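# Observations on the three-dimensional arrangement
So you can see what is in the structure, the chains are spelled out below.
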Amino acid sequence: MEGVFPKTELFIEGGLRGEKGTLQLFKLGKTDAEVTSEINSRERGKGFGTSLLKAAEEKARELGLRRIYAKTHKDNSRGKGSLLKAGWKFCATQDELLVFEKIL
Ligand SMILES: CC(C)(COP(=O)(O)OP(=O)(O)OC[C@H]1O[C@@H](n2cnc3c(N)ncnc32)[C@H](O)[C@@H]1OP(=O)(O)O)[C@@H](O)C(=O)NCCC(=O)NCCS
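Given the structure is predicted, the values throughout are model-derived calculations rather than measurements. (Residues numbered from 1 in each chain as written. Predicted model: local features only at pLDDT ≥ 70, side-chain atom pairs only at ≥ 80, totals over all residues.)

Turning our eyes to something else, we now look at the overall build of the protein chain. Broken down by element type, the protein chain carries two helices and six strands. Secondary structure elements of the protein chain occur, N-terminal to C-terminal, as β-β-β-α-β-α-β-β. Considering the protein chain as a whole, with its 104 residues, one finds that 26% of them fall into the buried category. The long-range share in the protein chain, meaning contacts at least 24 apart out of those at least 6 apart in sequence, stands at 51%. (Helix = DSSP H or I, 4+ residues; strand = E, 2+ residues; numbered from the N terminus. Buried ≥ 20, exposed ≤ 12 C-beta atoms within 10 Å, placed from the backbone. Contact = placed C-beta atoms within 7 Å.)

Structure follows, in structure tokens:
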């Protein structure tokens, strides 16, 4: 879990930037990455977050990664809901954040 928190290298950025939201994938060592995603506020709750997580997963597989992480605030029920729905598993806490992982 040590590698979850420092973001060492930007992999990809702006998957859906400007339209529905933004996706970033940060490399953590050779086989892991951290995903951050944000859907534009007017577009939330319409399924785009789920699409973005699937896109992150596909990209990570293409890059040969084995595991991806995402963090969300403990009170962010939408964030938690979208990760769980996409099959991510809770794996750790970091202060007020919950860390989820997806093994690829
Ligand atoms: C979290 C976020 C990316 C989710 O994207 P989204 O497009 O709003 O989510 P989706 O419409 O794909 O919904 C996916 C699932 O999330 C859950 N969800 C959606 N809205 C919810 C709400 N208001 N409350 C609780 N759960 C909710 C549901 O399980 C939903 O699946 P369902 O519609 O089949 O029930 C988006 O809301 C966002 O950008 N929020 C602000 C930034 C953020 O919190 N990012 C996550 C941390 S990196």
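Neighbouring the ligand are 21 residues; R44, G49, T50, G81 and S82 lie closest to it. Examining the composition of the shell around the ligand, we find that six residues originate from one element, helix α2 (residues 77-85), more than from any other. For the shell around the ligand, a count of residues per class yields three nonpolar, 13 polar and five charged. (Near = placed C-beta within 6 Å. Nonpolar A, V, L, I, M, F, W, Y, C, P; charged D, E, K, R; others polar.)

A few words on the confidence of the model for the protein chain. The share of residues in the protein chain with pLDDT of 70 or more is 83%, and the mean pLDDT across the chain is 84. Least confident of the elements in the protein chain is strand β1 (residues 9-13), whose mean pLDDT is 49; most confident is strand β6 (residues 97-103), at 97. The low-confidence segment residues 1-10, where pLDDT is below 50, has 17 contacts with residues more than four positions distant or belonging to other chains. (pLDDT = per-residue confidence, 0-100.)

A few words now on the pairing of strand β5 (residues 89-94). For β5, a buried count of zero out of six residues is recorded, marking the element as mostly open to its surroundings. Pairing of β5 with β6, which is carried by five bridges, proceeds in the antiparallel orientation. Each residue of the ladder has a partner; that of T93, found in β6, is L98. The hairpin formed by β5 and β6 contains two residues between the paired strands, and D95 there has a positive phi angle of roughly 50°. (Pairing = 2+ DSSP bridges.)

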